[in-house]
Structures are given as C-alpha cells and as structure tokens.
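Residue-level structure breakdown
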Amino acid sequence: MSISDLLMSQRRWGRARCRRLLMSLGIPENKQIGKFTERQRYALVAGLATRLSEPPQVPSRSHAFERDHRFEMYESREAIAS
C-alpha cells in the first residue's frame, strides 16, 4: 500500500493535503509504506505531529468592517432625521 493511499483513507485527507505534506517532506506519493527509510519514517511522524498539533485555521471576522458599517448606518439615520 502506498503512503498516499493510507493518508487519503483518513477523514479530511484528500489528494491535495496528502500531496502537500509528502512534497514538503521529500517523500514520493507512490512510495510503499514498507520501503521507507528511517529518515523518511521520522520525517513523516514529525510532519504529521506538527500538522495535528496546530489549531485549525478559522477565518476571523473583521471588526473594522463592522465598525465602518455601523458608522454608515448612524450617518444615514442623521441624514434622514434632518
């Protein structure tokens, strides 16, 4: 079984994520699991541990936009009141 097949069998691990990880480690996608060198095994473990320990990237809301938007609404109310 190749390492890419194993990784892609896991939830949320598609071809792009698998390819990105393996390319960053210098491991071919079609490398058979039993034919890994010691360096490749350690690199893969370290790469997976790093990716699993990072919190997921969630886009944050822009508070500056909300402030600007509220300002425009207040400005519009003043214009209507006068």
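Residues numbered from 1 in each chain as written. Predicted model: local features only at pLDDT ≥ 70, side-chain atom pairs only at ≥ 80, totals over all residues. Heavy atoms only, no water.

We now examine unusual backbone geometry. At Arg-12, a position not held by glycine, the phi torsion is positive, near 70°. Mapped onto the secondary structure, Arg-12 falls in the loop between α1 (3–8) and α2 (15–25). Residue classification places Arg-12 among the exposed positions, given a relative accessible area of 64%. (Helix = DSSP H or I, 4+ residues; strand = E, 2+ residues; numbered from the N terminus. Buried < 20%, exposed > 50% of the residue type's maximum accessible area, 1.4 Å probe, protein only.)

What follows is about the pattern of salt bridges. The final tally for this structure, using the stated rule, is 2 salt bridges. Across the salt bridge formed by Glu-29 and Arg-15, the nearest N and O atoms sit 3.9 Å from each other. Taken together, the positions of Glu-29 in the loop between α2 and α3 (38–53) and Arg-15 in helix α2 put the pair 14 residues apart, joining distant regions of the chain. In this structure, the salt-bridge partner of Glu-29 is Arg-19, at a minimum N-O distance of 2.8 Å. Note that Glu-29 is positioned in the loop between α2 and α3 and Arg-19 in helix α2, a separation of 10 residues in sequence. Note on Glu-29: relative accessible area 24%, which makes it partly exposed. (Salt bridge = Lys/Arg side-chain N within 4 Å of Asp/Glu carboxyl O.)

What follows concerns the side chain of Ser-4. Tracing the backbone through its elements, the reader meets Ser-4 in helix α1. Accessibility expressed as a relative area gives 7% for Ser-4, which makes it buried. One polar contact links the side chain of Ser-4 to the main-chain carbonyl oxygen of Glu-29, over a distance of 3.0 Å. Beyond its immediate sequence surroundings of up to four residues, Ser-4 is in contact with Cys-18, Leu-22 and Glu-29. (Polar contact = N/O pair within 3.5 Å; in protein donor to acceptor, adjacent residues only side chain to side chain. Contact = heavy atoms within 4.5 Å.)

Attention shifts here to a nonpolar patch on the surface. Together, Met-1, Leu-6 and Ile-33 make up a nonpolar patch on the protein surface, roughly 270 Å² of accessible area in all. Along the chain, the position of Ile-33 falls in the loop between α2 and α3. (Patch = residues over 30% accessible without salt bridge, like charges linked within 9 Å, V, L, I, M, F, W, Y side chains within 5 Å. Areas by Shrake-Rupley, 256 points an atom, 1.4 Å probe, with all protein chains shown as cover.)

Here we take up the side chain of Ser-2. Counting through the fold element by element, Ser-2 comes out in the segment before α1. Residue classification places Ser-2 among the buried residues on the basis of a relative accessible area of 8%.

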